[in-house]
Amino acid sequence: MWKMNSAPFWRCGFCEREPLLLWQNGKGQAEGRLLFPALNSPQLFDAYGLPFTEGIDYIYQSNRIIRTDHSRIPVLLQEEYMPPSPTAHSAPFRQVGGELLYTEGRFLINKQIYANYSYNLRNFSQYHSLSISQLTNIKQMLQQHRPIRTVLLGDSLGEGCNCTQVLHCYPYSPPWYIQFIMELSRRWKTQVEIPQGYNLSKGGMLSEYGAQIAAKAAGLAADLVIVEFGTNDGTFQISPQIYKSHIQFILETILEKNPACEFILCSPILANPDSIQSGSQTTYLPCLIDLSNEYPCSVADFISLHTALLSTGKPYSDFSSNNINHPNDFFITAMAQILLELFEE
């Protein structure tokens, strides 16, 4: 069953439930890779925590996991990742006429296994967060143990896609925003909540949708508003200027009715670079940082972590649930931890 990791892996030097796929490409041994070389032998297990055995199910070399011939570990075939023709689990590939694995169900996560291991923090020196924390009113409310009402404006990530709780499978990990408010409530011994009707997120939406429903959000009189758009904007190559104007309109509309409100502006995450959904997602973080200089906003920088993870050579699919633009439990929990870091002294 789900529990919040004790500390973000990028701070503690311990990866907990890091997902990986073992790829079968041609006639060679199927293999996957860890983010970092392990300081000790990694523990590998399935979604239920049932262990795989080194030497029987896999061989560990540096940060490579190599599947043995008679292993119980599932594999992802190259023809499953890039089908030669359209299937029930595919979407158009970036190359004209090609297909790419796409699933909103459990197909991909059923192929993923998990690893626990310690690593040297110096091996992740490429990660530099650009998050900004300046939630004066909210921090004061937490210190006074006052309840905090939260509104969420977002796209499918704001609907929880695709955590295992939404997919109704083990370990039933909640969406990032639920993990965030649960842990913030626990740490500060108060009630932080997204009441029924306060999550206004809708799958497939762009920042323009947030501007369209900003007045409705303002009427909810929340203490904190989390704004999460950009992954779909990037797919449609929305210019940074237009994206910024939509987010700014959200802020000004809500502040006009509720001047004490504060905001967390979430950067988008990356889409799979092999997919047609990959576009201008990386151009929006500077817009949010600019807005934080003018308005009572913090910035939750998801995209720098996502970029740093992929720079290690791990495939996008290791951190995804649909292989296109939805994270899996591992990255969803990382998103929650990035939000929680905004409230650390």
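Residues numbered from 1 in each chain as written. Predicted model: local features only at pLDDT ≥ 70, side-chain atom pairs only at ≥ 80, totals over all residues. Heavy atoms only, no water.

Engineer: It is not clear to me how the nonpolar core should be interpreted in this structure. Could you clarify?
Structural biologist: For soluble globular proteins, nonpolar side chains are generally found buried alongside one another. One finds Phe9, Trp176, Phe180 and Ile264 to be the most contacted residues of the largest nonpolar core, which totals 96 residues. If near-sequence neighbours (up to four positions away) are discounted, Phe180 is found in contact with Leu224, Ile226, Ile264, Ala336, Leu339, Leu340 and Phe343. Formed by nine residues, the second largest nonpolar core is a distinct cluster that contains Leu21, Leu100, Leu101 and Leu108. (Core = buried A, V, L, I, M, F, W, Y, C linked by side-chain atoms within 4.5 Å. Buried < 20%, exposed > 50% of the residue type's maximum accessible area, 1.4 Å probe, protein only. Contact = heavy atoms within 4.5 Å.)

Engineer: So what exactly am I meant to see when it comes to helix 12 (residues 329-341) here?
Structural biologist: The α-helix advances 3.6 residues per turn, and as a result positions three or four apart in sequence lie on the same side. When the terminal C-alpha atoms of helix 12 are compared, their 18 Å separation across 13 residues agrees well with the 18 Å that a helix rising 1.5 Å per residue should span. Taken across its 13 residues, helix 12 has 13 buried, putting it largely inside the fold. (Helix = DSSP H or I, 4+ residues; strand = E, 2+ residues; numbered from the N terminus. Expected span 1.5 Å × (residues − 1).)

Engineer: It is not clear to me how helix 3 (residues 136-143) should be interpreted in this structure. Could you clarify?
Structural biologist: Looking at helix 3, one finds that the buried residues are Ile138, Met141 and Leu142. Down the axis of helix 3, the buried set is contained in an arc of 100°. They therefore lie on one face. Along its buried surface, helix 3 packs onto strand 11 (148-154), helix 5 (176-188), strand 12 (192-193), strand 13 (224-228) and strand 14 (262-266). Count one or two residues on from helix 3 and you reach His145, which has phi positive near 60°. (Arc of directions from axis to C-beta.)

Engineer: Quick question: what am I supposed to make of the state of the cysteines here?
Structural biologist: The bond known as a disulfide is covalent and runs between the sulfur atoms of two cysteines. As enumerated under the stated definition, the model contains zero disulfides in all. Take Cys161: it sits in no disulfide, and the sulfur closest to it among the cysteines is that of Cys163, at 8.1 Å. Overall, Cys161 belongs to the buried group, its relative accessible area being 16%. The cysteine Cys266 is free of any disulfide, with Cys297 supplying the nearest cysteine sulfur at 11 Å. Under the relative-accessibility criterion, Cys266 is labelled buried at 1%. (Disulfide = S-S within 2.5 Å.)

Engineer: Looking at this structure, I do not really get the packing of helix 11 (residues 302-311) against helix 12. What am I missing?
Structural biologist: Packed helices, taken two at a time, are described by their axes: the angle between them and the distance between them. In contact at an axis separation of 10 Å, helix 11 and helix 12 are set at 135° when each is read in the N-to-C sense. On the basis of the axis angle, helix 11 is oblique to helix 12. Every pair of crossing elements has a handedness; the one defined by helix 11 and helix 12 is right-handed. Here Phe302, Leu305, His306 and Leu309 of helix 11 come into contact with helix 12, specifically with Phe331, Ala334, Met335, Ile338 and Leu339. (Axes fitted to C-alpha atoms, helices over the stretch in contact; angles between N-to-C directions. Parallel < 35°, antiparallel > 145°, perpendicular 65-115°, else oblique. Left-handed = near helix turned anticlockwise from the far one by under 90°.)

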